[in-house]
Structure formats: C-alpha cells, structure tokens
Amino acid sequence: MPYNTYRPDLMGTAVISPEGQFEAGSWQSLTLVYTAGKFGIDDQGGLRIGFRGHFDGSALQTSDPEAPGFTSVEASNGVPLNVVYDIRRNIRPWNKSLFIRCLRFLKEGDQITIRFGDQRQGSPGMRMQTFCESRFMFQITVDPFATQDFIALPAEQQPTIAIVSGPPVNWKVVSPTLRRPGEAFRLSLKAEDVWGNPSNQVDRTVSLSATGPVAGLPETLTFRSGDFAQVAEGLSIDKPGTYRFRVLDEAGGLLCQSNPLVIRDMPFAHFWSDMHGQSEETIGINTAREYFEFAREKSFLDICGHQGNDFQITDAFWAELNSLTAEFQIPGKFVTLPGYEWSGNTGLGGDHNVWYRTEGRPIYRSSRALVEDRTAPETDAHSAIDLIERLKDEDALVVAHVGGRYADIKYAHDAKLEPSVEVHSAWGTFEWILKDAFEAGYRIGIVASSDGHKGRPGASYPGDSAFGSYGGLTCHLLSELDRDEVFREFRKRHHYATTGARIYLDVTAGFDTDTPSCRMGDIVGTDSAGLDLQIDVEAAAPIERIDIFDGLDNLATLRPWSLDDRQGRLRITCAGQHYRGRGRLVRWTGTAQTTEGSIRRIGAVNFWNPHHQPQQTSDNRVDWRVVTTGGAASVDVWLDDDAWKGEMEIETSETAVTVSLPDLTAEGETHSCGGMDIRLMASRLPDSLTETGFSQSRRIDLTAGREARLFVRVTQEDGHQAWSSPIYVTRT
C-alpha cells in the first residue's frame, strides 16, 4: 500500500496562504500552517510535505536565509524540529519532499508553520515550477505515532494552488507539412510565455500572409484575453509547391513564420503525433482529460497516446483512459490511441510503449509496485519476453523507449509487434538504440515523442530540471487520418522522427531494373547493382547538414552552403551522456576566449532554460552552462577578422582544448570526454545560413547478399533534427 490509510480525518489540517493562482517561474513566498489532529504528533514523529518528482522550482533549503528557496519551519509550542529536504525518499510521484521531525511532542491544536521562500531575511523567495498545473498540491502526510508510517490527509483537505502561464513572449504558427492539391487543412496560432506555456494573456489582432494564394485564409485573427489559441479551418491550396505562413503585428512587424507546407500530388499526407506522455494519475501533472485537451487544442497534434507507467495504473484508471481515448477519437480530425508504458526494469527488458487499436483490451503490467489490487495475476508480464507472449494475439504496437529505465532491445524483440524504436524524447537523444538494433539485425523504423511529464504533449519544453531536451514528434505518412491507417502504416515503418520541429522530409529509392521505387520504411529485394537515393527536405529553419547512413556507416555529409574565407562563425558544441540510465545528464560549464581580436556577438542553440543563456563577459570571452542528455547544445561565436588569425582557448567542466582558428573547417574537430559519448566539438559556419530547402539524388552502390539500411538525418541550424526510417534493400 502506498500510504497508511488509518483515520485520515484525525490527522489534522493544513492551509496555504496566499491562495489562488501564481505565474509559472515566478518568485513567491508561501506560508503553510499545519494544525495537529486528535493524536498530536509524538516525540520523533512528524510530517512530510511532498512535491511531484518533476517539480522544477527552487530546491528548498534551510541554511542560507538570503538564498533562493530558503524555508523556515517553527512549532507553535517551541519544540525543536529537524528539517530535511530530500528528492528520493518519498513514494512516487511525490519524490521531492520536506521532512519535518518533531524532537518533542505536539498536542492536538499545536501548529507547525512552514514558510516556503521566506523573504524576511533577504531571500528572493521560492521560484515556482516552470509549467502550468491546475491543481498544484502540497501533499501532506503525517506520522503521529512515530512509526515512520505516514498517513495522508484527506484528498479534499490537501492544500492546493494553481500555476498559470505568464505573458506572451514567443509566437508559434503551425501548419501541416504535406497536403495534396485542394485538400483541406487548418492553420493554428498561439503565443507562449518564456517557459513555453501557451499564454492566455493576449488581447490583439494579428495579420496573416502566405507565400502564395491560399483559399479561405483570413486576413486577420483576433485574440481576446482568455484565449490560448486561434485556428483557421477549411484552408486549401491548388497549386503544388512549398508554402509558408507569416504572422504580423499591428505595425506589420514579423511575429513568427510557420513550418513549411508542401503541396504535392502524393498517395499520402503527413500527420503529426506525440504518442507518449503521462498525467497526474501516474508521474505527470494535470488530469488525463487535460492532457488530451492540450494535445488537441494547444499543440495541434493529429495523433495522441497516453503512456502512464503500468505499475501505477489501477484498473479504474485503465478504464478511465479507455473511456477518454474513445471520447476524444474523431477520425479525420484527431486520432487517439489507448495504451500504456510497460515499465519493466532494464534487466528484464526496460521501458516499452504499448498501444492498442481498440479500447477494452487488457493491461499487462510489468509489476504492481504502486497498485494495491492483486486480482487477476495471470495478466502480469514481468519481463519483456512475457509481454511479447501476452501480446502475440493482440492487435497492438510496441516501441522500445529510453527514459528513466532504458530499453534493452537485445533482451527481447518481436518484429511483428515492434516495428520501430524511439530515438528522441524530452529525456534526450539516443542514437545508440539504432546501433543496438542494427547490431542485432533488426529492421526497425525510427520514431520520437515527448514522454512529457509536464502536461504539454506535442509541445514539451524541458523547463529547469533533469529533462534536457524539447520533446520529439513523429510524422506519419497516411492516406487518411484514422486508427486503422495509423496501425497499417506504422507496421510498415512509414514514418520519420524529429526533435520537435515540423520538418518536411521525403526519402525514396529508385532502381536501375524493374524493381519498383520505394520509400522510407520499405523492405525490398532487387537485382539492381545500385540505387538512386532521392532526398527532399523543406526545413523549419536553415539547414546545417544532411547525413546519409547505411546502418552504422556515415556514407556522406551534405551541406547546402559553402564557407567564405572573409567571414564566419565558430560553433562550440557540447554533447553526449554519462551512460544509458537515469544518471546520464551531463552538466557543462564552459568558457571560450580568443587569443587575438574580439567577439562581435554570440548565439545559443538548444539552451532551453531562458535563465541560463551564454553570456559574453568581455570583448574576447564567452561563458556558459548547459545540460546535455545524449543530444547537443552549442554556443555560436561571431568573430572579427583579427580573431580568425589566432586561437580559441576553450575550457569546460569536461575538458580543455585550444583550437587553431585559421585551420578550422566546416567538419571541425571533436574531442572525446569519456562517459558514454561525451564530447566537445568546434566547427566553422558561415555568418548566416539561409537555405531551408534541399533536393538531391545520391547514387548508392549495392553489394550482392548484403542488406543496405539507408536513412537520412537532417540537422537544422537551430539544432533540431529529423531521422527518416531506414529503407532496407538487399541485392539478390
């Protein structure tokens, strides 16, 4: 049982002040007063105030009254208290907790006053979490008998506040990436606060324009206070080509530009999904209903799934999830998938996502660690091998995932059930899972999702916590939007993954002989001596590079630009992870200093925390701190001509190097820093990149009897990436 349930009505009461709504990421001082109940609290007993594991506000501390997060605690009867803030001692999801132990006893009616962010001695207060939560709870459990067996106050008596979005900072306009001529589509617009939360503090009219004629496009969209988004429905374009939309303010200034929309006569269109995230019923925040509402109305997804940890999903919640996916399912508009995350320990196969085509199917749990009900033990599946056996007759999809627990796909795999692996989520970027699959001889597609725990499926910012990346998306190539088509094409690996940007990507192969052409995900045999790999990209930002892979081998790197000796910038990149598990996060601190000349300006790539941006601290030095979890973060440094004659001295928490700037190329240099793949890189880029479109055919020779596994990775200037699912070709 997660908590003792003995007489919660006798455990006392707690109130928080002030009550109400507080802006995400704002500095506050809150006072919680606990009043002891019938039993008081015995000597060495106490209470515990729990925060959800992914709370990313100030860490609470009791030692420095002038520092952030200072928390004071006192008893009304003056008894001494022992106070400890710990992030792993409480039962999930309340991993982070303030433990208060009474060194003498309290009687009924005695009080303990806790001031979070106590500002009386100079502390700026407690910074609130960076994401919105309609019911942010200070979860109170009490140990009145000094047994270390804590009893929760009744749910309706738990102190709660609301965390809401701040004023708009960034505008986002979202269009599809592929539609056929004359096919209807929608254009969606929102404004986000500094932490990526959709803001409803907008009261203005904005103008819309497009790079070509669009039937039904309104000239303006009007936001009123309280609106989180505006959507223009029923648009269409007849003429093939690539289109982008611009949003302008009242003075004609550019607020934002959309991702590309390609109009092309194809047998399929593009539909975008985030099929993996959680809500408050497991480890996330906000309700499962709010989760699906966000996906549909605030991140404008086409396809969405909910993947709660199975060992926290009760039978009642499983029934509720199935009811919600059935309710939100609207073929042609919004497709939902019932499912869960099989969350087995890595030694038994590790995390795998499971989706069903229909509601009402069983949940095969890896364990019941946080589920009290022990009925129907025959449905348990304690290992990935057991899971595959349970699902062999189900109409289901399974995808290996890397999160807290990582999937060991070599432990168990079934090609029918598991068409793809997840290469990116808010946890990071994990190309090593492709390496595992290829080494094992699997034919897999590539997907991405958020595994978001912050209530923002489809637009999952990492905030200020252990998540090091923006959540990923998968683009599905479907003739129409419904579950049957999703399942059919998913099993054929007709999809590609991105780190969250809506990039248009098309990869096909044509042959010298009568072998029909094929597209990403296909498996073909041919008597052709080679193939022509056609790559078409319309990116959401300028393209930095395109890499072509055959399995683990990089066949070519393509750049739609060239260097000009008269100008350029230095890109310093920190990347990698310590190892595959929970402790993978690398905390980088760094400085870079020129030996000659000066720095003209700097920029940042994948620095998701707005409060931790690179700083130019002198005319020839830049400082930064950032985290990586398998992916990369870069500092761009624009140098004057004199600086390019000298060296750049780079010192980080992982290594120190000196780069000869006159010798630096676009390919650059890489310095290994240990761990799993921790590395520091320096490369040269032009002053600016402008090319967002790329189209090229590349000749690939085939070897008789050997299977080629051909895929493409696109990297944008802003750090976002996309991976096509491989084409598997064997020359007979």
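Cut-off values and rules
- One numbering rule holds for all chains: residues counted from 1, following each sequence as written.
- It should be noted that, the model being predicted, local features are given only for residues of pLDDT at least 70 and side-chain atom pairs only at 80 or more, the latter also being counted only at that level, while totals for whole chains, interfaces and linings use all residues.
- Hydrogens and waters are ignored; side-chain quantities use all the structure's heavy atoms.
- A run of DSSP states H or I qualifies as a helix once it reaches four residues; a run of E qualifies as a strand once it reaches two. Both are numbered from the N-terminal end.
- To get the radius of gyration, use the C-alpha atoms; to get the globule rule, take the number of residues to the power 0.38 and multiply by 2.2 Å.
- By the convention used here, residues are in contact when the closest approach between their heavy atoms is within 4.5 Å.
- In this description, accessible areas are obtained by the Shrake-Rupley approach with a 1.4 Å probe, and a residue is regarded as covered only by the protein chains that are shown.
- Charge assignment: positive for Lys and Arg, negative for Asp and Glu; neither His nor the chain ends contribute.
- The atoms used to mark charge sites are NZ of Lys, CZ of Arg, CG of Asp and CD of Glu.
- Whenever a helix is involved, its axis is fitted only over the stretch in contact; in every case the axis is a line through C-alpha atoms, and angles between N-to-C directions fall within 0 to 180 degrees.
- When describing relative orientation, an angle under 35 degrees is termed roughly parallel and one over 145 degrees roughly antiparallel, while 65 to 115 degrees is termed roughly perpendicular and anything else oblique.
- Here is the rule for handedness: rotate from the far helix to the near one, and if that takes an anticlockwise turn smaller than a right angle the crossing is left-handed, while a clockwise turn gives right-handed.
- Only Asp, Glu, Lys and Arg are considered charged, only Ala, Val, Leu, Ile, Met, Phe, Trp, Tyr, Cys and Pro nonpolar, and every remaining residue, Gly among them, polar.
- Two strands make a pair as long as DSSP finds a minimum of two bridges between them.
- Each nonpolar core is a collection of buried residues, namely Ala, Val, Leu, Ile, Met, Phe, Trp, Tyr and Cys, held together in the definition by side-chain atoms within 4.5 Å.
- To sort residues, take the accessible area from a 1.4 Å probe on protein chains only and compare it with the maximum for the residue type: under 20% means buried, over 50% means exposed, and anything in between is partly exposed.
- Centres within 6.5 Å are what make two rings of Phe, Tyr or Trp a pair, Trp counting through its six-membered ring; a difference in plane orientation under 30 degrees is then read as stacked, over 60 as edge-to-face, and the rest as tilted.
- In our convention, an over-ring charge means Lys NZ or Arg CZ found within 6 Å of a ring centre and within 35 degrees of that ring's normal.
- A helix's residues, less one, multiplied by 1.5 Å, set its expected span.
- Our arc is simply the arc of the directions from the helix axis toward the C-beta atoms.
- By definition here, a salt bridge exists when the distance from a side-chain nitrogen of Lys or Arg to a carboxyl oxygen of Asp or Glu is within 4 Å.
- Polar contacts here mean pairs of N or O atoms no more than 3.5 Å apart (in protein, one a potential hydrogen donor and the other a potential acceptor; neighbouring residues in sequence count only if both atoms are side-chain atoms).

Draft legend 1. Representation of the overall build of the protein chain within the structure. Regarding its fold elements, the protein chain presents five helices and 55 strands. Scaling as 2.2 N^0.38, a compact globule of 732 residues should have a C-alpha radius of gyration of about 27 Å, and the protein chain matches this with 27 Å. A separation threshold of at least 6 residues defines the contact pool for the protein chain, and within that pool the share at least 24 residues apart is 72%. For the protein chain, the computed accessible surface area is about 27,200 Å², with 46% contributed by carbon and sulfur atoms. Charge-centre separation for the protein chain: the mean point of 73 positive side chains lies 2 Å from the mean point of 100 negative side chains.

Draft legend 2. Main features of the packing of helix α1 (residues 288-297) against helix α2 (residues 315-328). Their axes nearest at 10 Å, the elements α1 and α2 cross at an angle of 25 degrees. In terms of their interaxial angle, α1 and α2 are classed as roughly parallel. Like other packed secondary-structure pairs, α1 and α2 cross with a definite hand, here right-handed. Between α1, through A288, R289, F292, E293 and R296, and α2, the contact on the second element is made entirely by F317, L321, L324, T325, E327 and F328. Tallied by class, residues from the contact of α1 with α2 come to six nonpolar, one polar and four charged.

Draft legend 3. Layout of the sheet that holds strand β43 (residues 586-594). Taken in spatial order, the five strands make up an open sheet running β45-β46-β43-β48-β49, and their pairing is antiparallel. Looking at strand neighbours, the two that pair on one side only are β45 (615-618) and β49 (656-660), the edges of this open sheet. For this sheet, the mean inter-axis angle between neighbouring strands, taken without regard to orientation, is 20 degrees. Direction of pairing for strand β48 (residues 647-652) relative to β49: antiparallel, over a ladder of five bridges. Following the sheet pairing, E651 is matched in β49 by A656.

Draft legend 4. Main features of the nonpolar core. One finds Y340, L391, L531, L533 and V537 to be the most contacted residues of the largest nonpolar core, which totals 67 residues. Once you skip the residues sitting within four places of it in the chain, L533 turns out to touch V507, T508, A509, I548, Q696, S697, R698, I700, L710, V712 and I727. Membership of the second largest hydrophobic core comes to 35 residues, among which are Y34, V79, M126 and M128.

Draft legend 5. Focus on the packing of aromatic side chains. Scanning the entire structure with this criterion turns up 26 aromatic pairs. Here Y6 and F39 contribute two aromatic rings whose centre-to-centre distance is 6.3 Å and whose plane-to-plane angle is 40 degrees, an arrangement assigned as tilted. Here F39 lies in the loop between β4 (30-35) and β5 (46-51) and Y6 lies in the segment before β1 (13-17), a separation of 33 residues in the sequence. By relative accessible area, Y6 is classed as partly exposed at 42%. With 6.1 Å between their ring centres and 80 degrees between their planes, Y461 and W608 make a pair best called edge-to-face. Placement of Y461 in the loop between β33 (445-448) and β34 (473-478) and of W608 in the loop between β44 (599-605) and β45 is noted, with a sequence separation of 147 residues between them. Y461 sits in the buried class, given a relative accessible area of 11%. Taken together through their ring pairs, the aromatic side chains of F51, F55, F116, F136 and F138 make up a single cluster. Above the ring of W94, the side-chain terminus of R52 is found at 4.6 Å from the ring centroid.

Draft legend 6. Here's a closer look at α2. Here α2 spans 20 Å end to end across 14 residues, near enough to the 20 Å set by a 1.5 Å rise per residue. Taken residue by residue, α2 has F317, W318, L321, N322, L324, T325 and F328 as its buried positions. One face of α2 carries all of its buried residues, which in axial projection span an arc of 160 degrees. On its buried face, α2 sits against α1, β27 (335-337), β28 (339-342), β29 (352-356) and α5 (483-491).

Draft legend 7. How the structure looks around the environment of S420. Residue position: S420 is located in strand β31 (residues 420-425). Take S420: its relative accessible area is 1%, and that puts it in the buried class. When the C-alpha positions of S420 and Y442 are compared, they lie 9.5 Å apart, and in sequence the two are 22 residues distant. Non-local contacts of S420, meaning those with residues more than four positions away in its chain, are made with V398, V399, A400, I444, G445, I446, V447, F490, R493 and H495.

Draft legend 8. Spatial organisation of helix α3 (residues 384-391). Along α3, the residues that are buried comprise A384, L387, I388 and L391. Across the axial projection of α3, the buried residues extend over an arc of 95 degrees, all falling on one side. Residues of α3 that are buried in the fold lie against β28, β29 and β30 (396-400).

Draft legend 9. Inspection of the sheet that holds strand β2 (residues 21-23) at higher detail. Here we have three strands laid out as an open sheet, ordered β2-β14-β11, and mixed in their pairing. Both outer strands of the open sheet, β2 and β11 (133-137), are each paired with one neighbouring strand and no more. Adjacent strand axes in the sheet meet at a mean angle of 40 degrees when their direction is disregarded. Here β11 pairs with strand β14 (residues 160-164) via three bridges, running antiparallel. Paired with E133 across the bridge in β14 is I163.

Draft legend 10. Quick look at the pattern of salt bridges. Under the criterion given, the structure shown has 46 salt bridges. Across the pair E192 and K190 runs a salt bridge, and its minimum N-O distance is 3.2 Å. For R365, the salt bridge identified is with D315, shortest N-O distance 2.9 Å. Taken together, the positions of R365 in the loop between β29 and α3 and D315 in helix α2 put the pair 50 residues apart, joining distant regions of the chain. Assessed through its relative accessible area of 2%, R365 is described here as buried. A residue is classified by how much of its surface remains accessible, and D315, at 40% relative accessible area, is partly exposed. A single salt-bridge network, built from bridges that share partners, covers E544, R569, R571, D636 and E717.

Draft legend 11. Region of interest: the side chain of R569. Structurally, R569 is set in strand β42 (residues 569-575). Within the local environment of R569, its side chain forms a polar contact with the side chain of D636, the two groups lying 2.8 Å apart. Of the polar contacts made by the side chain of R569, one reaches the side chain of E717; its length is 2.3 Å. For R569, the residues in contact, after removing those within four places along its chain, are D636, V637, W638, W644, S683, R684, L685, P686, D687, S688, L689 and E717.

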